[in-house]
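Structure assessment
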Amino acid sequence: MKKFIIEEPIFEIFPDVKIGVLVCRGIDNTVKDENKYADYLAEAQKLAQEHIKEPEFTQNPVVRTWRDGFYKFKTKKGARCSIEALLKRVAKGGDIGTILPLVDLYNGLSLKYGVPIGGEDIDAMDGDIRLTVAEGGEDFVTYGSDKSEPPYEGEVVYKDNAGAICRCFNWREAVRTMLQDHTKNAFMIIESIDEAGAIAMEKALDELKTLIETELGGTCERFIVDKSNPEIVIEG
C-alpha cells in the first residue's frame with residue numbers, strides 16, 4: 001500500500017495548505033504528435049496574462065503569495081515556485097514548449113488558473129509519499145545533474161523512503177520519479193496555501209481530471225488533502 005500524507009510540520013508553517021490530488025491509472029503518455037498541444041499551450045499563455053497585470057512582477061497576487069510562502073522555510077538561493085517560473089517566462093515573451101502530453105496538459109492549466117501543478121510516476125515511488133520538512137541530507141538527483149543535491153534541513157519537500165522527490169514544494173523534481181513517456185500510473189498534485197489559491201486549485205483539479213481521461217485514457221481518482229484529511233491511499 002502507498003499513501004500520500006501531509007505531515008504535521010507542514011500545517012505548523014502553512015495551516016491553510018490544501019493539495020489537490022489525482023491518482024491516474026492506465027494512461028497513455030506517449031507522444032504521437034509533437035505539435036498536438038502547441039495551440040493549447042499558446043492559448044494558455046494568453047489566459048496567463050490575467051495573473052500578471054501588475055507592472056511590478058512580484059506584486060502580482062499569485063507571485064506574491066508564493067514568494068511570501070517560500071520565505072517561511074529555508075530554500076536554495078533563487079528557488080521560486082513553479083507557477084512563478086512559468087508566469088515569468090510568459091511575462092518576458094517566451095514560449096512554453098511541448099514536453100510530454102501529461103506535462104503539456106498540466107502546464108496549460110497551471111498558466112490558466114495560476115496554480116503550481118506537478119506529477120510523478122507512481123510505479124517509481126518507494127513507499128508512501130509525504131509532504132513534510134526535510135531532515136537534510138535526503139538523496140536528490142535532479143534533471144541534468146549526475147550528483148545528489150540534498151534539501152536543507154527544514155526545507156519543504158515531497159519525499160518517499162528512497163529520498164526527496166521534489167524540493168521546495170514542487171519547485172524542482174528528482175529524475176527518479178519524474179513522468180516519462182512510458183508512465184502508466186501518475187500521481188498529480190495541485191498546490192494551494194491560501195483561500196484564493198484553494199478555489200483556483202479545485203477548478204484546475206476538475207479540469208485536469210477531465211482532460212487526462214479524455215486525452216490520455218485511463219481513470220483518475222480525485223482527492224483534496226488538508227488538515228482535516230491529511231492522508232489518502234494512492235495504491236492498494
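These remarks concern the structure in this document. (Residues numbered from 1 in each chain as written. Predicted model: local features only at pLDDT ≥ 70, side-chain atom pairs only at ≥ 80, totals over all residues. Heavy atoms only, no water.)

With respect to helix α5 (residues 101-113)
Along an α-helix, residues three or four apart share an orientation, since each turn contains 3.6 residues. Basically, it comes down to this: In DSSP terms, a helix is any run of H or I states spanning at least four residues, a strand is any run of E spanning at least two, and both are numbered starting from the N terminus. A helix's residues, less one, multiplied by 1.5 Å, set its expected span. Residue exposure (1.4 Å probe, protein chains only): buried if accessible area is under 20% of the type maximum, exposed if over 50%, otherwise partly exposed. Two residues qualify as a contact provided that any one of their heavy atoms is within 4.5 Å of a heavy atom in the partner residue.
With 13 residues, α5 should cover 18 Å at 1.5 Å per step; its first-to-last C-alpha distance of 19 Å lies within 8% of that length. Where burial is concerned, most of α5 is hidden: twelve out of the 13 residues are buried. Taken together, the buried positions of α5 are Pro 101, Leu 102, Val 103, Asp 104, Leu 105, Tyr 106, Asn 107, Gly 108, Leu 109, Ser 110, Leu 111 and Tyr 113. If you follow the buried residues of α5, they end up packed against α2 (38-47), α4 (82-91), β3 (117-121), β8 (186-192) and α6 (195-215). In the segment just after α5, Gly 114 is the residue with positive phi, at about 70°.

Focus: the sheet that holds β3
Rules: Two strands are said to pair when DSSP picks up at least two bridges between them. Note on geometry: axes are lines fitted to C-alpha atoms, helical ones only across the stretch in contact, with angles between N-to-C directions running from 0 to 180 degrees.
Read across the open sheet, the four strands follow the order β3-β8-β2-β9; overall the sheet is antiparallel. The two strands at the open ends of the sheet, each matched to only one other strand, are β3 and β9 (219-225). Ignoring strand direction, the axes of neighbouring strands in this sheet form an average angle of 20°. In the sheet, β3 pairs with β8 via five bridges, with the strands oriented antiparallel. By the bridge assignment, Asp 121 is partnered in β8 with Ala 186.

Observations concerning the pattern of salt bridges
Stated precisely, the cut-off is as follows: Salt-bridge detection follows one rule: a side-chain nitrogen of Lys or Arg within 4 Å of a carboxyl oxygen of Asp or Glu.
A full pass over the atoms with the stated rule returns 19 salt bridges. Between Arg 130 and Glu 7 there is a salt bridge, with the nearest N and O atoms lying 3.5 Å from each other. Of the two residues, Arg 130 sits in strand β4 (residues 129-133) while Glu 7 sits in the loop between β1 (2-6) and α1 (8-13), which places them 123 residues apart along the sequence. Linking Arg 64 and Asp 68 is a salt bridge whose minimum nitrogen-to-oxygen distance equals 3.1 Å.

Section: the sheet that holds strand β7 (residues 172-173)
Read across the open sheet, the six strands follow the order β7-β6-β5-β4-β1-β10; overall the sheet is mixed. Strands with a single pairing partner mark the edges of an open sheet, and in this sheet they are β7 and β10 (231-235). Note that strand β5 (residues 156-160) and strand β6 (residues 163-167) share four bridges and pair antiparallel. In the strand pairing of β6, Lys 159 is matched with Ala 164.

As for the packing of aromatic side chains
Rules: Here a pair means two rings of Phe, Tyr or Trp (six-membered ring of Trp) with centres within 6.5 Å. Their orientation is stacked below 30 degrees between planes, edge-to-face above 60, and tilted elsewhere. Counting as a charge over the ring demands two things of the Lys NZ or Arg CZ atom: a distance within 6 Å of the ring centre and an angle within 35 degrees of the ring normal.
Under the criterion given, the structure shown has ten aromatic pairs. Consider the rings of Tyr 37 and Tyr 40, whose centres lie 6.2 Å apart with planes at 75°: the pair is edge-to-face. Within the aromatic cluster, the residues linked to one another by ring pairs are Phe 14, Trp 66, Phe 70, Phe 73 and Phe 169. Directly above the ring of Tyr 152 sits Lys 74, whose terminal nitrogen or CZ lies 4.8 Å from the centroid. The ring centre of Phe 140 lies 5.9 Å from the NZ or CZ of Arg 167, which sits over that ring.

Some words on the side chain of Asp 160
Basically, it comes down to this: For the purposes of these results, a polar contact is taken to be a pair of N or O atoms within 3.5 Å, where, inside protein, one atom must be able to donate a hydrogen and its partner to accept one; residues adjacent in sequence count only when each atom of the pair is a side-chain atom.
Note that Asp 160 resides in strand β5. Residue class for Asp 160 comes out buried when judged on its relative accessible area of 2%. Polar side-chain contacts of Asp 160 include one of 2.8 Å to the side chain of Arg 176. Excluding residues within four positions of it along the chain, Asp 160 makes contact with Met 125, Asp 126, Asp 128, Arg 130, Ile 165, Arg 176 and Thr 177.

Regarding the nonpolar core
One broad trend across soluble globular proteins is that nonpolar side chains are buried collectively. The cut-off we apply is this: The criterion is simple. A nonpolar core is a set of buried Ala, Val, Leu, Ile, Met, Phe, Trp, Tyr and Cys residues joined through side-chain atoms within 4.5 Å.
Formed by 45 residues in total, the largest nonpolar core has its most connected members in Phe 4 and Val 21. Setting aside residues up to four positions removed in sequence, Val 21 forms contacts with Phe 4, Phe 187, Met 188, Ile 189, Leu 205, Glu 221, Arg 222, Phe 223, Val 225 and Ile 232. By size, the runner-up hydrophobic cluster in this structure holds 27 residues, among which are Val 103, Leu 179, Met 188 and Leu 211.

Description of the pairing of β1
Of all five residues that make up β1, four are buried, and the element is covered over most of its length. Here β1 runs beside β10; their pairing, made up of four bridges, is antiparallel. Bridge assignment links Lys 3 to a residue of β10, and that residue is Val 233.

Looking at unusual backbone geometry
A positive phi angle, near 50°, is found at Cys 168, a position not held by glycine. Looking at where Cys 168 falls in the secondary structure, it is placed in the loop between β6 and β7. Unusually for a residue other than glycine, Phe 169 sits at a positive phi of about 55°. Within the fold, Phe 169 resides in the loop between β6 and β7.

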